[in-house]
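# Structural description and commentary
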Amino acid sequence: DGLIDTLKNRSLRTCMIEVALMDKVNDSLREADELAEFLSYITKEVPRSKLICNLIPFNDIGGAGGTTFRKPSMERVLAFRKRLQSLGICAHVRGTRGDDESAACGQLVTSRKKKEMEAV
């Protein structure tokens, strides 16, 4: 409700929704359907609103920092995007940068913390 109220009170009603997709956690077509339902509800409640959904494949950092989450396959990410688009949602897959050097968003900090923990 807070997002809807905020959008109703803005003159520019474009909202970008960022979703990090994790392998077998939230990257299935069922979750795509649920996200589409949520986003459609917002556009129905906020006249003249435009939502853009950016899908971000999770940056798999190989279990560093104790995480067990994994990056979904590109096939699953593209199927997720295709489902959203078929349901009328403007969706894009955000390209990742720095993955190969473990320099993607959040990875440098996690690597440093892991080294600090190993030194203790």
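Structure's up top.
Just so we're clear, the structure is a prediction, and the values are computed from it rather than from any experiment.

### Describing helix H3 (residues 74-86)
The end-to-end C-alpha separation of H3 is 18 Å, in line with the 18 Å expected for 13 residues at 1.5 Å each. Every buried residue of H3 is listed here: Val-77, Phe-80 and Leu-84. Seen along its axis, H3 keeps its buried residues to an arc of 60°; they face one direction. Exposed residues pointing more than 90 degrees away from the buried face of H3 are listed as Glu-75, Lys-82 and Ser-86. Elements in contact with the buried residues of H3: strand S1 (14-21), helix H2 (29-45), strand S2 (50-57) and strand S3 (90-93). Just downstream of H3 lies Gly-88, where phi reads positive at about 85°.

### Structural notes on the pattern of salt bridges
Scanning the model with the defined rule gives seven salt bridges in all. The closest approach of N and O atoms between Glu-18 and Arg-94, which form a salt bridge, is 3.7 Å. Of the two residues, Glu-18 is situated in strand S1 and Arg-94 in the loop between S3 and helix H4 (107-119); the sequence distance between them amounts to 76 residues. Glu-34 is the partner of Arg-30 in a salt bridge, and the nearest nitrogen-oxygen pair spans 3.0 Å. Taken together, the residues Arg-30 and Glu-34, both in helix H2 and four residues apart, mark about one turn of the helix. Relative accessible area serves as the criterion here: at 42%, Glu-34 is assigned to the partly exposed category. Look at the salt bridges and you will find they share partners, linking Arg-30, Glu-31 and Glu-34 into a network.

### Overview of the sheet that holds S1
Pairing is parallel in the open sheet, where three strands are placed in the order S1-S2-S3. Edge strands, defined here as strands with exactly one partner in the open sheet, are S1 and S3. This sheet shows a mean twist of 25° between the axes of neighbouring strands, independent of strand direction. When S1 meets S2, the two strands line up parallel, connected through eight bridges. Of the residues in S2, the one forming a bridge with Ala-20 is Ile-56.

Parameters and conventions
Residues numbered from 1 in each chain as written. Predicted model: local features only at pLDDT ≥ 70, side-chain atom pairs only at ≥ 80, totals over all residues. Heavy atoms only, no water. Helix = DSSP H or I, 4+ residues; strand = E, 2+ residues; numbered from the N terminus. Expected span 1.5 Å × (residues − 1). Buried < 20%, exposed > 50% of the residue type's maximum accessible area, 1.4 Å probe, protein only. Arc of directions from axis to C-beta. Contact = heavy atoms within 4.5 Å. Salt bridge = Lys/Arg side-chain N within 4 Å of Asp/Glu carboxyl O. Pairing = 2+ DSSP bridges. Axes fitted to C-alpha atoms, helices over the stretch in contact; angles between N-to-C directions.

Scope: geometric values only; no functional claims are made or implied.
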